[in-house]
Protein chains: 2
Amino acid sequence: MSEKNSSNDSIPPKVVIVGGGFAGINAAKALGDAPVSVLLADRQNYHLFQPLLYQVATAVLSPADIASPIRHILKEQVNAEVRLGELTGIDLEKREVHFPSGSARYDYLLLAIGATHSYFGKDGWQAIAPGLKTIDDALEIRRRILMALEEAECEEDEESRRGKLTFVVVGGGPTGVELAGALKEIAAHSIPSDFRHIDTTTARIILVEAADRLLQAMPEEMGRRAELDLAEMGVEVLLNSRVTEMEDGAIYIGDQRLSTENVIWAAGVQGAPVVRSLGCELDGQGRVMVNGDLSLPGHPEVFVAGDLAHVVDPESGDPVPGVAPAAKQMGLFVADLIGKEVAGAISPQERPPFKYRDKGSMATIGRFKAVAALGKHRFSGSFAWLLWSMIHIYFLVGFRRRFFVMMSWVWHYASFHKGARLITGSPRMRIKSPRGAGNGEGKNE
Amino acid sequence: MSEKNSSNDSIPPKVVIVGGGFAGINAAKALGDAPVSVLLADRQNYHLFQPLLYQVATAVLSPADIASPIRHILKEQVNAEVRLGELTGIDLEKREVHFPSGSARYDYLLLAIGATHSYFGKDGWQAIAPGLKTIDDALEIRRRILMALEEAECEEDEESRRGKLTFVVVGGGPTGVELAGALKEIAAHSIPSDFRHIDTTTARIILVEAADRLLQAMPEEMGRRAELDLAEMGVEVLLNSRVTEMEDGAIYIGDQRLSTENVIWAAGVQGAPVVRSLGCELDGQGRVMVNGDLSLPGHPEVFVAGDLAHVVDPESGDPVPGVAPAAKQMGLFVADLIGKEVAGAISPQERPPFKYRDKGSMATIGRFKAVAALGKHRFSGSFAWLLWSMIHIYFLVGFRRRFFVMMSWVWHYASFHKGARLITGSPRMRIKSPRGAGNGEGKNE
């Protein structure tokens, strides 16, 4: 690795970064001036501003408002190249990563492929209750929400119509809170006059949380405030409630059956499954237990950052949370270490531990309603909302995105009109047939 | 129909409009004050500003920039309701139209479901060369263009890479001209520095036209000018050239084989196939031969408007062209007739013929390049382009759309950056297996 290559001027050490999220993209950019060659690979061609993904799902923003092509972000960075492809395997001995289009050797590897939904072993739920991680997820959720309303408008059976007008969000973290609030606003304000046969203001929005409060990653008073705000808006918040079963058209909360054709999963996440083949220790959510310097135990040349990493902050003693600022800080930390080692300034034995600098957390609830905890300060209501808006606009990649998102919001909050309310794409299968009938590959059984 | 109902105050005559394009949406809006009830049905939930669809395919605009939910357009119109559903059949005797969600009776019917691609009997070509009619078509074409570039970047075989960097547009009408020009701009200006292993400025863009000039619906000098402009930009324009065969990875122009993995179909259109069951006379392109008043022969209560109608203008003697302004004028004409008949002002026997008011035509070629023929005036170059921009902005539905599109263009033309360059969705099948194996419907042969 670096030692070997620093004696050979012609070939700079190769840093392979897998994942173009907040960790990966920030690491790649921070290595712009380092004497290394960078390969950034991702299964999507875009870097996504994930904190606003729920606004694509709820038709406030368009995909292009919150996503930027990775190639475009790195176009000026001459030491970086980009590959589109999903990681299929890692060979720690040979120091190679595998993609469908071929393999790539590395001197340093940064794994930052994030997390995926966890259905706590009930994988069949995925078809009924999609989660929200990618643009395609968001467009699928948008399609389902809008189609449910269209179907309700034509439905003559009262019970079936109620099911189509009942929206259940599972999980009371920021994504769940934001989705539930946005759904209520759509149903109550944006679309009632679009329909003739249904009254969308009667649509039920139900937020289900297994714990005894919302927003567990935030201070308790913020969770309570979110609960009150949502209740005031008309969202039914069910705490201490667990989804025990799902079937087509209904879910069970505890032993109570609830007719609903719209379930969105915002509950569990787990580390990307490909790391299971590494043979390293994983935590209960499938995240990699890394050293304090974010390296894989026994492999100082391999780092893990972002939602995929389980690391304990040395000062607070708490695990670093799976949020965008933490991922960004990890990516910058790893890039800094690699840069210093390649330059010979430090050796792997001298690496400092990663320290998370918590700048606070916030969640938006609805029009002019949000909660924020910044250091010792607590904000709620319209001031918190304004703060939330400004901070999210600021962190969006690139001027164009910032400007367009701001204009979309001004338009949306002033008019309640959802500009992006288009149904596109074909439906994903709701219920997978257990034997995967007829995928054209000639599975004769 | 109207006579029958006008004696019965309680039930207004029912006007069913199928198709929410320029004809249908304008007819529905024009009936806003008429004593009728309107049902507008479409298989999509949006009205599409089709003249700019190629800009979604080429990643300049987002779908929401050029499409508006039909429900939203008609939300204030109390006599109108909207249904999402594809027309599956028409019963002229019972005066009923059929949708998957049920049937609807009509007193007046306006069929405005437009046209679809025609592959001149070679239906297998559709999988290789998608056409551009819907948002989903545009996103599919965008996905293919961007994926071809991604694949070329990884491809080591020179011939295969050339095929991925060769883009063929079939058909030299406005859509074909605009697509070819936009593709050249992307390859030559927007993205070269995004890639490390390929030189996108060497990508070939080939425009194939069977006739001896481009833009046949416009005056000859405009077609020649477009040809010169495109050639100057580096587009290869092949006139008097016919695609004779297509296979995966290549097309044949005459008897010459050309390796290409990117073919876009902008050649033929045909009337929507559902009208074949009507038993009425169709022209060679499957459009309905209507009376001068746009009614179906023998059925004064059924009108056909837009791209689906074949009607000859009584003054010029020419068939009315399949363009947005003609569709709009037809929709307004039919709404006016229905309004007058319901009010008892005229009888079906007194209907005037539809007259097309040709305000001109235009096509954009590239950055600051367009051609326009407005009455006797001919424009080209940057003035025509400015005219084209202003007119298209003006006709976009709603202020939001106009404003956002204008800002996107300013951004795009100033920076050459394609803001919407995201790959989303799953690939549609490129090559359909000839027997349609395994669609899960149990086609045992």
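The sections below set out a description of the structure shown in this document. (Residues numbered from 1 in each chain as written. Chains lettered and ligands numbered in written order. Predicted model: local features only at pLDDT ≥ 70, side-chain atom pairs only at ≥ 80, totals over all residues. Heavy atoms only, no water.)

Observations regarding the side chain of K133(B)
- With respect to the helices and strands, K133(B) occurs in the loop between α6 (125-128) and α7 (135-154).
- There is no salt bridge for the buried K133(B), and the closest opposite charge comes from D307(B), which lies 4.3 Å off by N-O distance. (Helix = DSSP H or I, 4+ residues; strand = E, 2+ residues; numbered from the N terminus. Buried < 20%, exposed > 50% of the residue type's maximum accessible area, 1.4 Å probe, protein only. Lys, Arg positive; Asp, Glu negative; His and termini not counted. Salt bridge = Lys/Arg side-chain N within 4 Å of Asp/Glu carboxyl O.)

Here's the deal with a positive patch on the surface
- Residues K29(A), K328(A), R357(A) and K359(A) make up a contiguous surface patch of positive charge.
- Residue class for K29(A) comes out partly exposed when judged on its relative accessible area of 46%. (Patch = residues over 30% accessible without salt bridge, like charges linked within 9 Å, V, L, I, M, F, W, Y side chains within 5 Å. Areas by Shrake-Rupley, 256 points an atom, 1.4 Å probe, with all protein chains shown as cover. Charge placed at Lys NZ, Arg CZ, Asp CG, Glu CD.)

Observations concerning the relation of the copies chain A and chain B
- For the pair chain A and chain B, the superposition axis carries a translation of 0.0 Å, the fit reaches an RMSD of 0.0 Å, and the rotation angle comes to 180 degrees. What the rotation and shift describe, once combined, is the action of a two-fold rotation axis.
- In this assembly the copies share their binding face: 98% of the residues contributing to the interface of chain A also contribute to that of chain B. (Least-squares fit on C-alpha atoms with pLDDT ≥ 70 in both. Contact = heavy atoms within 4.5 Å.)

Remarks on the interface of chain A and chain B
- Tallying the contact residues gives 52 residues for chain A and 52 residues for chain B.
- Both faces combined, the contact of chain A with chain B buries some 4400 Å², and carbon together with sulfur accounts for 56% of it.
- The partner of R71(A) in a salt bridge is E150(B), with the nearest N and O atoms 2.6 Å apart.
- Between chain A and chain B we count 15 residue pairs in polar contact (both at pLDDT 80 or more) in total.
- Taken together, the elements giving at least two residues each to the side of chain A that touches chain B come down to α4 (63-66), β4 (67-69), α5 (70-73), β5 (80-84), α7 (135-154) and α13 (399-415) of chain A.
- Of the residues forming the side of chain A that touches chain B, the biggest block, 8 residues, is contributed by α13(A). (Buried area = accessible area lost by both parts, 1.4 Å probe. Polar contact = N/O pair within 3.5 Å; in protein donor to acceptor, adjacent residues only side chain to side chain.)

Regarding the pattern of salt bridges
- Across all of its chains, the model carries 40 salt bridges over all chains by this definition.
- Here D229(A) ties to R225(A) by a salt bridge, and the two come within 3.2 Å at their closest N and O atoms. Linking D229(A) with R225(A), this pair stays in helix α10 (residues 220-233), spanning 4 residues, or about one helical turn.
- Between E227(B) and R224(B) there is a salt bridge; the shortest N-O distance is 3.0 Å. Taken together, the positions of E227(B) and R224(B), both in helix α10 (residues 220-233) and 3 residues apart, correspond to about one turn of that helix.
- Judged by its relative accessible area of 22%, E227(B) is partly exposed.
- Accessibility expressed as a relative area gives 30% for R224(B), which makes it partly exposed.
- Through salt bridges with shared partners, one network takes in R71(A), E150(B) and E153(B).

Looking at the sheet that holds strand β6 (residues 89-91) of chain A
All names here are of chain A.
- Taking strand neighbours across the sheet as the criterion, the 3 strands line up as β6-β7-β8 in an open arrangement whose pairing is antiparallel. The sheet terminates laterally at β6 and β8 (102-105), the two strands that pair on one side only. Along the sheet, successive strands turn relative to each other by an average axial angle of 20 degrees, direction set aside.
- Note that strand β7 (residues 96-99) and β8 share 4 bridges and pair antiparallel. Within β8, the residue paired with H98 across the bridge is S103. (Pairing = 2+ DSSP bridges. Axes fitted to C-alpha atoms, helices over the stretch in contact; angles between N-to-C directions.)

Section: the sheet that holds strand β6 (residues 89-91) of chain B
Residue and element names in this part refer to chain B.
- With antiparallel pairing, 3 strands are arranged side by side in an open sheet as β6-β7-β8. The open sheet is flanked by β6 and β8 (102-105), the only strands paired with a single partner. In this sheet, neighbouring strand axes are inclined to one another by 20 degrees on average, regardless of whether the strands run parallel or antiparallel.

What about the environment of P69(A)?
- Structurally, P69(A) is set in strand β4.
- For P69(A), a relative accessible area of 2% translates into the label buried.
- With 320 residues separating them along the chain, P69(A) and S389(A) place their C-alpha atoms 23 Å apart.
- When near neighbours in sequence (up to four residues on either side) are disregarded, P69(A) contacts N45(A), Y46(A), R421(B) and L422(B).

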